Amino acid sequence: MDNVLTAKSAISSPSDVKEVATFKRLATRTETEQAGKTVTVYVDDQPVEMQPNDSAAAAVLTSGLRYGRTTTVGNSARAPYCMMGVCFECLLEIDGIENVQGCMTTVQEGMRIKRQHQARELSGR
Ligand code: FES
């Protein structure tokens, strides 16, 4: 798992990622976290190690990427902002489902998270 990024490695090894976030984890809080259990998710196909109760939005930020989507008009970068389900700036494609609020979605082993760029395709669903 040499190429798996953790929050610590993403920050301490900026050459591993194109963009470097300035986020770092606070002190360990739960028994699961203290036991060192992790969940591997994939952000734009790059493996990222997260703790079991982290959100998909946190995975994007932990991966070192500075934004999770771009706007439909103007292609401006947007990143998770409120982290509590209010602003909708964290919309992501999660396991093939578009426009999912990343901050309200808990990571699962093997979860595929993709950033969204500009307008979504109409699916007819
Ligand atoms: S970060 Fe605001 S709704 Fe997700």
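Numbers given to residues run from 1 along each chain, matching the order in which its sequence is written. Local features are withheld for residues below a pLDDT of 70 in this predicted model, meaning they are given only at 70 or higher, and side-chain atom pairs are given and counted only at 80 or more; totals for whole chains, interfaces and linings count all residues. Note: side-chain values were computed over all heavy atoms of the structure, leaving out hydrogens and water.

1. Let's talk about the pattern of salt bridges
Here, a salt bridge means any Lys or Arg side-chain nitrogen found within 4 Å of an Asp or Glu carboxyl oxygen. Counting across every chain of the model gives five salt bridges. Across the salt bridge formed by R112 and D45, the nearest N and O atoms sit 3.6 Å from each other. Taken together, the positions of R112 in strand β7 (residues 112-114) and D45 in the loop between β1 (39-43) and β2 (46-50) put the pair 67 residues apart, joining distant regions of the chain. Classification of R112 as partly exposed rests on a relative accessible area of 39%. Note that E89 is salt-bridged to R69, the shortest N-O span being 2.7 Å. With E89 in the loop between β4 (77-78) and β5 (91-94) and R69 in strand β3 (residues 69-70), the pair connects residues that are 20 residues apart, well separated along the chain. When a residue's accessible area, from a 1.4 Å probe over protein chains only, is under 20% of the maximum for its type it is buried; when over 50% it is exposed; and in between it is partly exposed. Classification of R69 as buried rests on a relative accessible area of 16%. Residues joined in a network through salt bridges with shared partners are D45, R112 and K114. Only DSSP runs of H or I covering at least 4 residues are called helices, and only runs of E covering at least 2 are called strands; the numbering of each starts at the N terminus.

2. Section: the environment of T38
Structurally, T38 can be placed in the loop between α2 (31-34) and β1. Between the alpha carbons of T38 and E109 there is a distance of 8.6 Å; along the sequence they are 71 residues apart. Any two residues whose heavy atoms approach within 4.5 Å at even a single point are treated as in contact. T38 has contacts with E49, M50 and E109, leaving out every residue within four places of it along the chain.

3. Structural notes on the packing of aromatic side chains
Classification of ring pairs rests on two measures: the distance between centres of Phe, Tyr or Trp rings, Trp counted by its six-membered ring, which must be within 6.5 Å, and the angle between planes, read as stacked under 30 degrees, edge-to-face over 60 and tilted in between. Applying the stated rule across the entire model yields zero aromatic pairs. Lysine and arginine charges are scored as sitting over a ring when NZ or CZ, respectively, is within 6 Å of the ring centre and within 35 degrees of the ring normal. Between R112 and the ring centre of Y42, over which it is positioned, the NZ or CZ distance is 4.1 Å. The ring of Y67 has R115 lying over it, and the distance from NZ or CZ to the ring centre is 4.3 Å.

4. Points about the confidence of the model for the protein
Confidence per residue, as judged by the predictor, is encoded in pLDDT with a range of 0 to 100. When the pLDDT values of the protein are averaged, the result is 81; 74% of them are 70 or greater. Considering each helix and strand of the protein separately, the mean pLDDT is smallest for helix α1 (residues 7-12), with a value of 38, and largest for β7, with 98. Scored below 50 in pLDDT, residues 1-18 makes 27 contacts in the model with residues more than four places away or belonging to other chains.

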